[in-house]
Amino acid sequence: MSQALVKIAAVWLLGLMLAVAGAIVSINLVNDSLAGPQQPVREYLSALQKGDGEKALGLLRASVPQSNPAMLDGTALQTAAARISDVKLGAAEERGANQVMVPMDYTIDGNPLRTEFLLERSGTEWLFFHKWSFVPSELPVLDVTVVNSSEATLNGVPVNMPNGRNSFAVFYPGEYEATLNGQYFSAPATRATVSGGDARPASLNLLTEATGALKEAVSSKVKEFLDSCADEADQQQKLQPNCPFYHATNNRVMDGTIDWSITEYPSVSIEPFGGRWVVAPLDGKARIKARQQDLFSGAVSDIDSVHDFSFTTRLDIDGDTVKLTPQLDY
């Protein structure tokens, strides 16, 4: 073989070796990036941010526990993922049995968090590229309670709360916010962050309070009851009407002179108790004016007395209807 042919063969062989080496490097680069175990995590996070629960569940290969599924798709899911930022996927760490752990560092509302995803090698594509899948798991559960209410709002979605509680299957990572904004009852927003699938169940507890609208409605009905009671006492000319207030005397009170009025209306306080909403005892003041005659001397004098009174009332609410039933002990 001539020297020229030897040189050509050597050049060709060198080119072939470089091509093979380049192909190997390219395959390794693809396996470390686009076909690496981080890629399913990227796709899963993207599905969460798009509110695509079906795709996220398929990628995660997770089973859904017996619970309410309202947080697993659409607006609720997008809201859960919306506050995730500064995402950094770390290098895969070997866990044995063809499994690796991919760490994801991120922040939610400025708080640094980490979620660890367990993946397993599930085959190859095009003979060279590794295929990775999440190790099957079960979705975590978020427990929500609300005082004396059968409804609430979770991540912007109205949800039913039978007997004031419910459990929701949720994706992770994500943040979940519960609120109650009713006409008569409300609760300040409370949030819970779910960072992993193996964590203890997260919980949200809504502390319900009576709104100003309810207090105004109850105050109005209390005032209406007391004014009506005073007017009826005047019409019937009674010192001891069927009201929370009364006047006692040993003298004879002249008919047509009795005049009752409320000088201080009760301040209304509404609190939860025993699964109901109760109105705290109502304290006020009533004034009676009248003319009386002493039974022994016959002397006539004026009555102008202010009496403290207190009573309780039963509160019933049906939709937009507020009903008060005064509980009188006499």
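Residues numbered from 1 in each chain as written. Predicted model: local features only at pLDDT ≥ 70, side-chain atom pairs only at ≥ 80, totals over all residues. Heavy atoms only, no water.

Visitor: Looking at this structure, I do not really get the overall build of the chain. What am I missing?
Guide: Scanning the chain for helices and strands turns up five helices and 22 strands. The proportion of buried residues among the 330 residues of the chain is 36%. The contacts in the chain between residues at least 6 apart in sequence include a share of 55% that link residues at least 24 apart. Carbon and sulfur atoms make up 51% of the accessible area of the chain, which amounts to about 18,700 Å² in all. (Helix = DSSP H or I, 4+ residues; strand = E, 2+ residues; numbered from the N terminus. Buried < 20%, exposed > 50% of the residue type's maximum accessible area, 1.4 Å probe, protein only. Contact = heavy atoms within 4.5 Å. Areas by Shrake-Rupley, 256 points an atom, 1.4 Å probe, with all protein chains shown as cover.)

Visitor: Would you mind showing me how to read the side chain of Glu175 here?
Guide: For Glu175, the position within the fold is in strand S12 (residues 174–181). Its relative accessible area of 5% is what places Glu175 among the buried residues. When sequence neighbours within four positions are dropped, the list of residues in contact with Glu175 reads Thr79, Ala80, Arg83, Ile108, Asp109, Asn155, Arg191, Ala192 and Thr193.

Visitor: Help me out: how do you make sense of the environment of Arg83 in this one?
Guide: Here Arg83 is to be found in the loop between helix H4 (74–82) and strand S2 (84–89). The exposure class assigned to Arg83 is partly exposed, which follows from its relative accessible area of 26%. In this structure the C-alpha to C-alpha distance between Arg83 and Gln49, which are 34 residues apart in sequence, comes to 9.6 Å. Those residues in contact with Arg83 that lie beyond four places of it in its chain are Thr107, Ile108, Asp109, Glu175, Glu177 and Arg191. A polar side-chain atom of Arg83 sits 3.2 Å from a polar atom in the side chain of Glu175. (Polar contact = N/O pair within 3.5 Å; in protein donor to acceptor, adjacent residues only side chain to side chain.)

Visitor: For this particular structure, what's the right way to read the environment of Tyr106?
Guide: Along the chain, Tyr106 falls in strand S4 (residues 99–108). Each C-alpha atom of the pair Tyr106 and Arg83 lies 10.0 Å from the other, and the pair is 23 residues apart in sequence. If we ignore the near neighbours within four places in the chain, the residues touching Tyr106 are Ile84, Ser85, Asp86, Val87, Asn111, Pro112, Leu113, Arg114, Thr115, Pro173 and Ser195. Here the side chain of Tyr106 touches Thr115 through a polar contact of 2.7 Å, side chain to side chain.

Visitor: Help me understand the state of the cysteines, please; the structure alone is not making it clear to me.
Guide: In protein chemistry, a disulfide is the covalent bond that joins the sulfur atoms of two cysteines. The tally for this structure, following the rule as stated, stands at one disulfide. Across the disulfide from Cys229 sits Cys243; the S-S distance is 1.9 Å. Taking the sign of the S-S torsion, about -110° here, the bridge from Cys229 to Cys243 comes out left-handed. Here Cys229, found in helix H5 (residues 212–236), pairs with Cys243, found in the loop between H5 and strand S16 (252–253); they are 14 residues apart in sequence, far enough to count as distant. Residue classification places Cys243 among the buried positions, given a relative accessible area of 2%. (Disulfide = S-S within 2.5 Å.)

Visitor: Is there a simple way to think about the sheet that holds strand S11 (residues 165–169) in this case?
Guide: Pairing between sheet strands relies on hydrogen bonds along the backbone, with the strands arranged either parallel or antiparallel. Read across the sheet, three strands follow the order S11-S8-S14 without closing on themselves; strand pairing throughout is mixed. Strand pairing shows two members of the sheet lacking a second neighbour, S11 and strand S14 (202–206), which therefore form its edges. Between one strand axis and the next, the sheet turns through 20° on average, direction left out of account. Where strand S8 (residues 141–146) and S11 come together, five bridges link them in antiparallel fashion. For Asp143, the partnering residue across the bridge sits in S11 and is Ser167. (Pairing = 2+ DSSP bridges. Axes fitted to C-alpha atoms, helices over the stretch in contact; angles between N-to-C directions.)

Visitor: Looking at this structure, I do not really get the packing of helix H2 (residues 38–50) against H4. What am I missing?
Guide: Where H2 meets H4, the closest approach of the two axes is 6 Å, and the angle between their N-to-C directions is 120°. As the angle between them shows, H2 and H4 are arranged oblique. Together, Ala47, Leu48, Gln49 and Lys50 of H2 and Leu77, Gln78 and Ala81 of H4 make up the contact between the two elements. Residues that form the contact of H2 with H4 fall into these classes: four nonpolar, two polar and one charged. (Parallel < 35°, antiparallel > 145°, perpendicular 65-115°, else oblique. Nonpolar A, V, L, I, M, F, W, Y, C, P; charged D, E, K, R; others polar.)

Visitor: Got a minute to help me understand the environment of Pro201 in this structure?
Guide: Inspection of the secondary structure assignment puts Pro201 in the loop between strand S13 (185–194) and S14. In the structure, Pro201 is positioned 60 residues away from Val141 in sequence and 5.4 Å away in space, judged by C-alpha atoms. Residues in contact with Pro201, not counting those within four places in the same chain, are Val141 and Asp143.

Visitor: How should the sheet that holds S13 be read in this particular structure?
Guide: One open sheet holds the five strands; their spatial order is S10-S9-S12-S13-S15, and the pairing between them is antiparallel. Edge positions in the sheet fall to strand S10 (157–160) and strand S15 (209–210), since each of these pairs with one other strand and no more. Pairing geometry for strand S9 (residues 151–154) and S10, over four bridges, is antiparallel. Residue Thr153 lies in a different strand from S10, and its bridge partner there is Pro158.

Visitor: What exactly am I supposed to notice about the layout of surface pockets here?
Guide: In this structure, the largest pocket occupies an estimated 370 Å³ of space. Together, 16 residues line the largest pocket, and Asn148, Ser149, Ser150, Glu151 and Phe185 are the ones closest to its centre. Mapped by element, the contributors of at least two residues to the lining of the largest pocket are strand S19 (276–279) and strand S21 (300–318). Looking at the lining of the largest pocket residue by residue, the class counts come to five nonpolar, seven polar and four charged. (1 Å grid on protein atoms, 1.4 Å probe; cavity = no way out; pocket = protein on both sides within 12 Å on 5 of 7 lines; lining within 4 Å. Points joined across faces, edges and corners; volume = space filled by probe spheres on them.)

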